[in-house]
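As a plain string of letters, each chain reads:
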Amino acid sequence: MSAVGSLPGVEQAIALGLTQDEYELVIESLGGRAPNEVELAMFSLLWSEHCSYKHSKKLLRTLPSSGGRLVLGPGENAGAVDVGGGLAVAFKVESHNHPSAVEPFQGAATGVGGILRDIFAVGAQPIAVLDSLRFGELDSERSRYLLEHAVAGIGHYGNSIGVPTVGGEVYFEGPYEHNCLINAMCVGLIETERLIRSAASGPGNLLVLFGASTGRDGIGGASVLASAELGEGDETKRPSVQIGDPFAEKKLMLCSLDLLERGLLVALQDLGAAGLTSAAAEMASKGGVGVDIDVARVPLREEGMEPFEIMVSESQERMLCVIEPDSLDAVLAVCEHWETAASVIGEVTASGLVRVLDGEQTVGEMPVAALVDDCPLYDLEPQAPTEAIYAAPRRVLDSSGEEDPGETLLALLRSPNIADRLPLFEQYDPVVQSRTVRRPGQSDAAVLALPARGEERPGIAIAIDGNGRRVAADPYRGTIEAVLECAANLACAGAEPLGLTNCLNFGNPEKPHIAWQLTESVRGLADACRAIGVPVVGGNVSLYNEGAEGPIYPTPVIGLVGELPDVRRAGALGFRAEGDRIALVGPFAPEIAGSELARLGGRELPTSLGELDIRRVLAAQGVVRDAVRSGSLASAHDIAEGGLAVALAECCLAGGLGAEVALDDTVKPLRALFGEGGGGFVVSGGEAALRALGGDGVAVRIVGSVSGARLTIWAGEARIELSLERMREAHGALRALFD
Amino acid sequence: MKFGVISFPGSCDDSDALAACSRVGEAVQLWHADHDLAGVDAIVVPGGFSYGDYLRAGAIARFAPIMTEVIEFAHEGGYVMGICNGFQVCCEAGLLPGALLTNISRRFVFRQVRVRVLGEPTAFTSGLTPGAELSIPVKHTTGRYFAPRATLARLHAAGQVVLSYAPGQNPNGSLDDIAGIVNEARNVFGLMPHPEHAVDELTGSTDGLSLFASLAAVAAA
């Protein structure tokens, strides 16, 4: 092939993120020839951490990724599980952390746009978005700025495209101050037999690029932003952040689904990180074929773009499909109906090569296998840290919390990690598409109705969670807790888990203590998935989340999807009726260490979390789930941040009713009230229904009744007595940020 | 009784409106690029972000091919219900007085609000008692109703303010808590709340259904 100008050298390779060894491997993969500018740009992206998972792939292989109701597993744009009635639900969570740290509005918006495309790339109609956010503490102006603009960006994209944002979570902790996390999850619905894969096939078939034109935005995003630590001067990386256009994406989505509906596509792939480079190489690799792409046929929005820029541009709202030549007219007609531009830019070949042409001239030629398979995979070198990685949280509470437990409860309700998320959720549309049976704040999990089957009204429930601070304390148990927490959320809605997706947000894996966090966390994830009996359907890894100030808390964000047979009986978290009895269900063994109260008190992270008896936790989840499904409970809520007292307060506030509760743990009242640890539920209902939950190794303690407009809790000498009004005021603390 | 629901590129709640109308009558989709109203008895201009709403909410949709027929249909007395973005489109098209401005908060707001049915009955509220309160969600960034004082006075005097946010419920800073108005001829109705998202107990409330049912009953009569 012809050389284009002088060849770049190893310095350019290193500037683009490759190591010297990797550069030499590239030369080896090309048969001893140094890569030209186009090739080097493509290799540097596909061999970046973001695209190649070179530090995590070996670990990810240890996760259970088959069995259960899986119909589409890892490796596709999104995984999917069977939900009965010939339908499947596709879902995935993905990060957009570094772009959001640099430009939060567009970073978050295009994070939503990217995950939506992953879902409709498998043919599914996106029906729900959830998000998982982490920022520094709110007394930092930067954190407030990032929060405000990230939330606005998520809303801008999701609201405009007409996909409901049905849930999410957010935490504010010091280690995220300089490296916020923006993870977005999308769930889609599809007839199982219509699922489409991304493998290109059939030499002679055409590659059609459709959607937005290609510009210089987002060039090098995967390597420059996503695969390196953040540092000084990141503002200058703003041109690496893509700009979102939800209107273009909405047309692109409807167009893609219409093309699929008409059976016009052989394969479909979205353009995300590394743009055309990644899409073309992945499609060719999966299909065991080659592709020719002519950059001169790619519609551009800027003049004078170089071939390498066209190949690596991360311009948003674009899809690449493979079609049979006979279908071209029909494909173009569908695209025209949706006012979506489409161009043939190349074809499938039997060469096993990715060839990049610029009109008549060949400007790059690489074996598909070299691009996709030859990237070296690295073994992690994990080593448990010998000293604390994280500084103790900043102390917020003056007292130990014991002197006035009522004030302590108010302080917890006011804490940004516990306060009502409504001021954020109000900026998202949760009801469009008319499926949402439980909106944010109504149940521990979002609940969506599936199409009715005769008299049956089946549905799905979705939860997303991941408490980084507890994972930092104990990566193995903290990750198990996060999975069980999601499963508990589903149980409260009446749903049984079907499949799990995850986004592993960690620091620099080349550092032994981060490698240790990652390894332990994945071990916990694998054990937890096996315990709840669900496959990992796919996910995302985001590494290098650290800067000069140190790493983020290790944050595996877990997204869990489950099914419920009857959405008319979906669970609710708020107390419903005066006189209902209240019970504490499950093997709840709270500890103050690692709790939100410990954080407010400025206490260091513990070096491990209490052991969880997974079998007993799952037994408790089972009885709660069954009781919710049978309609015998008035409310169900799992005990999480802030412990039992906060859980009770949340049930009161959601239902607008008070409660009187007496706890028999009188030795350590603080621990009984505010200690944390998985496995516990607060449920309400008739006494007989509550007593029926016991047995089979499931502990049930009836602790009080729903009554009046105050929450009263006795725990030995300690007594809390607070009006709903005072609790509501404290719980509404985040409102002030958005006034 | 046959409803037509317009789909512009960027409409979001068109399917929801179609489903809501189907509960009380026949409902068909009307495509923005057509010039054909398919013989419908009433038109719903739905919510969403028509053409992306990058210029000004509703400002481009007002020039959509099908709007020629919609405007003519309205001038001939045909029933038109503009919901949220549809209300904005109707104002831009001159079918309704006033304008929708950016919310006081300058933010998107989703909220289940209580709205009151006011004034003389209209085709859209014929099945409801004045003073009745409905629980219906709002979701918009551009929902603050504005009109010059003289126009407002005329609207109030003529009983054209059909829906108002209940005390303390105004989510956007609309003047006089106005949530929905009709034109002078009372056949075009614009409202910011989304009645199509309040037609099923399972998803929140059934209070919005009465607006569609009222229209179906009157239009069929």
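Calculation criteria
- Residues numbered from 1 in each chain as written.
- Chains lettered and ligands numbered in written order.
- Predicted model: local features only at pLDDT ≥ 70, side-chain atom pairs only at ≥ 80, totals over all residues.
- Helix = DSSP H or I, 4+ residues; strand = E, 2+ residues; numbered from the N terminus.
- Rg over C-alpha atoms; globule rule 2.2 N^0.38 Å.
- Buried ≥ 20, exposed ≤ 12 C-beta atoms within 10 Å, placed from the backbone.
- Contact = placed C-beta atoms within 7 Å.
- Pairing = 2+ DSSP bridges.
- Axes fitted to C-alpha atoms, helices over the stretch in contact; angles between N-to-C directions.
- Nonpolar A, V, L, I, M, F, W, Y, C, P; charged D, E, K, R; others polar.
- Arc of directions from axis to C-beta.
- Domains from an automatic or database assignment.
- Expected span 1.5 Å × (residues − 1).

Draft legend 1. A look at the overall build of chain B. A count of helical and extended segments in chain B gives five helices and eleven strands. A compact globule built from 221 residues should have a C-alpha radius of gyration of about 17 Å, and chain B, at 15 Å, falls within 12% of that. In terms of its C-alpha atoms, chain B occupies a principal-axis envelope of roughly 40 × 35 × 35 Å. Within chain B, the proportion of its 221 residues that are buried is 55%.

Draft legend 2. Region of the structure containing the overall build of chain A. When you go through chain A residue by residue, the secondary structure sums to 25 helices and 28 strands. Here the C-alpha atoms of chain A give a radius of gyration of 26 Å, agreeing with the 27 Å that 2.2 N^0.38 yields for 739 residues. By the burial criterion, 63% of the 739 residues in chain A qualify as buried. Counting contacts in chain A only where the partners sit at least 6 residues apart, residues at least 24 apart contribute 85% of the total.

Draft legend 3. The sheet that holds strand β3 (residues 42-45) of chain B, seen in detail. All names here are of chain B. Within the open sheet, the nine strands sit side by side as β2-β1-β3-β4-β11-β10-β9-β6-β7. Their pairing is mixed. Strands with a single pairing partner mark the edges of an open sheet, and in this sheet they are β2 (26-31) and β7 (133-140). Each strand of the sheet is rotated relative to its neighbour by a mean of 25°, with strand direction disregarded. Two strands pair when backbone bridges link them, and strand β10 (residues 178-182) and strand β11 (residues 188-191) are joined in this way by three bridges, in the antiparallel orientation. Paired with I181 across the strands is G190, a residue of β11. Where helix α1 (residues 14-22) meets the sheet, its contacts fall on β1 (2-7), β2, β3 and β4 (79-83), and the angle it forms with β1 comes to roughly 175°.

Draft legend 4. Spatial organisation of the interface of chain A and chain B. Residue-level contacts link 23 residues of chain A with 20 residues of chain B. Taken together, the residues of the side of chain A that touches chain B break down into nine nonpolar, eight polar and six charged.

Draft legend 5. Geometry of the pairing of β1 of chain B. Residues and elements named next belong to chain B. Most of β1 is tucked away, with five of its six residues classed as buried. With six bridges joining them, β1 and β2 adopt parallel strand pairing. Across the sheet, the residue bridging to F3 is A27, located in β2. Strand direction decides the pairing type here: β1 and β3, joined by three bridges, are parallel.

Draft legend 6. Here's a closer look at the environment of A284 of chain A. Counting through the fold element by element, A284 of chain A comes out in helix α11 (residues 275-287). Residues A284 of chain A and P509 of chain A, spaced 225 residues apart in sequence, show a C-alpha to C-alpha distance of 29 Å.

Draft legend 7. The arrangement of α1 of chain B in detail. All names here are of chain B. What α1 keeps buried is the set D14, D16, A17, A20 and C21. Down the axis of α1, the smallest arc covering the buried residues is 160°, so these residues share one side. Those residues of α1 that are buried are in contact with β1, β2, β3, β4 and α5 (209-220).

Draft legend 8. A look at the sheet that holds strand β13 (residues 361-367) of chain A. Residue and element names in this part refer to chain A. The seven strands lie next to each other as β8-β10-β7-β11-β9-β12-β13, forming an open sheet whose pairing is mixed. Among the strands making up the open sheet, the edge pair consists of β8 (267-270) and β13. Within the sheet, the average angular offset between the axes of one strand and its neighbour, ignoring direction, is 20°. Where strand β7 (residues 206-211) lies against strand β11 (residues 342-349), five bridges are found, and the strand directions are antiparallel.

Draft legend 9. A look at the environment of L96 of chain B. All names here are of chain B. By the secondary structure assignment, L96 is in the loop between α3 (85-92) and β5 (99-101). Residue classification places L96 among the buried residues on the basis of 27 C-beta atoms within 10 Å. Considered as a pair, L96 and V188 are 92 residues apart in the sequence and their alpha carbons are 7.2 Å apart.

Draft legend 10. Structural view of the environment of V312 of chain A. All names here are of chain A. Position of V312 relative to the elements: it lies in helix α12 (residues 307-312). Taking the number of C-beta atoms within 10 Å as the measure of exposure, V312 has 28 and is therefore buried. Distance from V312 to R216, taken between C-alpha atoms, is 8.9 Å for residues 96 residues apart in sequence.

Draft legend 11. Representation of the domain arrangement of chain A in the model. On domain assignment, one finds that chain A holds domain 1 (1-52 + 197-377) and domain 2 (411-419 + 572-739). Computed over C-alpha atoms only, the centres of domain 1 of chain A and domain 2 of chain A are separated by 51 Å.

Draft legend 12. Region of the structure containing unusual backbone geometry. Residue and element names in this part refer to chain B. You will see that D177, though not glycine, has its phi angle at about 60°, which is positive. Looking at where D177 falls in the secondary structure, it is placed in the loop between β9 (161-165) and β10. Although it is not a glycine, R186 sits at a positive phi angle of roughly 65°. Position of R186 relative to the elements: it lies in the loop between β10 and β11. Overall, the presence of 18 C-beta atoms within 10 Å leaves R186 in the partly exposed class.

Draft legend 13. Representation of α5 of chain B in the model. All names here are of chain B. For α5, with twelve residues, the first-to-last C-alpha span of 16 Å sits near the 16 Å given by 1.5 Å per residue. If you check which residues of α5 are buried, you get S210, L211, F212, S214, L215 and A216. Those residues of α5 hidden inside the fold are in contact with α1, β3 and β4.

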